[in-house]
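Next come the chains, spelled out residue by residue.
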Amino acid sequence: MIAAVQDQSSGIQWYNDSYVTTGATGTAIGTGSANTDAIISVQGPTETSYAAGLARAYTGGGYTDWFLPSKDELNKMYLNRATINTTAAANSGSDFSTNYYWSSTELGLNYAWFRYFDYGGQFSYNKYNAYDVRAVRAF
């Protein structure tokens, strides 16, 4: 995975104001892109009004295949945040915040998984909450 050099949002909802099950239940590394596709297919094309759409709309480095990381992909990002922060700084980017970051992994109708980058807690919470987004892409 390659992480974007900066956050795409410092606070955006997981959903597009519509509580529906999207089928974005993949947790493993390698499932974030499919989760993002599933979310967008259900939540609609208003790309910048919810987390997965915003991640997909990102075009950093000239690439258009960015996605919202799955629960386990976000965990890997947390575990490697020091290296990602160093690389981001060397490429005119920014460090991860110490706030909450959305994953693309849904947990039922009302909830999705997120990670707290201050101390690493991983939780699920209501999709209407506004959390940070950092897109990733596979290579």
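Residues numbered from 1 in each chain as written. Predicted model: local features only at pLDDT ≥ 70, side-chain atom pairs only at ≥ 80, totals over all residues. Heavy atoms only, no water.

Chemist: Tell me about the environment of Y58, and name the residues and values.
Modeler: When you line up the elements, Y58 lands in the loop between α2 (51-57) and α3 (71-79). On the accessibility criterion, Y58 (15% relative accessible area) is buried. Taking C-alpha positions, Y58 is 12 Å from A3, a pair spaced 55 residues apart along the chain. Not counting chain neighbours up to four residues away, the residues in contact with Y58 comprise A4, V5, Q6, Q8, Y63, T64, W66 and A135. A distance of 3.0 Å separates the side chain of Y58 from the side chain of Q6, its partner in a polar contact. (Helix = DSSP H or I, 4+ residues; strand = E, 2+ residues; numbered from the N terminus. Buried < 20%, exposed > 50% of the residue type's maximum accessible area, 1.4 Å probe, protein only. Contact = heavy atoms within 4.5 Å. Polar contact = N/O pair within 3.5 Å; in protein donor to acceptor, adjacent residues only side chain to side chain.)

Chemist: Go over the environment of Y131 with me, naming the residues and quoting the values.
Modeler: Positionally, Y131 belongs in strand β6 (residues 131-133). Linking Y131 and P45, residues 86 residues apart in sequence, is a C-alpha distance of 20 Å.

Chemist: Break down α3 for me, with residues and values.
Modeler: Buried residues of α3: K71, E73, L74, M77 and Y78, and no others. Buried residues along α3 cover an arc of 165° about the axis, so they all sit on one side. (Arc of directions from axis to C-beta.)

Chemist: Talk me through the nonpolar core; I want residue IDs and the actual numbers.
Modeler: The tendency in soluble globular proteins is for nonpolar side chains to be buried as a group. The biggest cluster of nonpolar side chains holds 21 residues, and the ones touching the most others in it are W14, I39, A51, L68, W102 and V133. Of all the elements in the fold, those that place two or more residues in this core are α1 (32-43), α2, β4 (111-116) and β6. Among the elements that take part in this core, α2 stands out by supplying four residues, more than any other. Once residues within four sequence positions are removed from consideration, W14 is found in contact with T22, I39, Y50, A51, L68, W102, S103, S104, E106, A112, K127 and N129. (Core = buried A, V, L, I, M, F, W, Y, C linked by side-chain atoms within 4.5 Å.)

Chemist: Just give me the short version of the packing of aromatic side chains, but keep the residues and values in it.
Modeler: Counted by the stated rule, this structure contains 14 aromatic pairs. Ring centres of Y100 and Y131 lie 5.0 Å apart, and the angle between their planes is 50°; this geometry places the pair in the tilted category. Placement of the pair is Y100 in strand β3 (residues 100-107) and Y131 in strand β6, with a sequence separation of 31 residues. Cation over ring: R81 sits above Y78, and NZ or CZ is 4.0 Å from the ring centre. Residue placement shows R137 over the ring face of W66; its charged tip is 5.9 Å from the ring centre. (Phe/Tyr/Trp six-rings, centres within 6.5 Å; stacked < 30°, edge-to-face > 60°. Lys NZ or Arg CZ within 6 Å of the ring centre and 35° of its normal.)

Chemist: Before we move on, can you summarise α1 with the specific residues and values?
Modeler: In a regular helix each residue adds 1.5 Å, so twelve residues correspond to 16 Å; α1 covers 16 Å between its end C-alpha atoms and thus fits that length. Those residues of α1 that fall on the buried side of the exposure criterion are G32, N35, T36, A38, I39 and Q43. Buried residues of α1, viewed axially, fall in a sector of 160°; they line one side. Buried positions along α1 lie against α2, α3 and β3. G44, located one to two residues past α1, shows a positive phi value of around 100°. (Expected span 1.5 Å × (residues − 1).)

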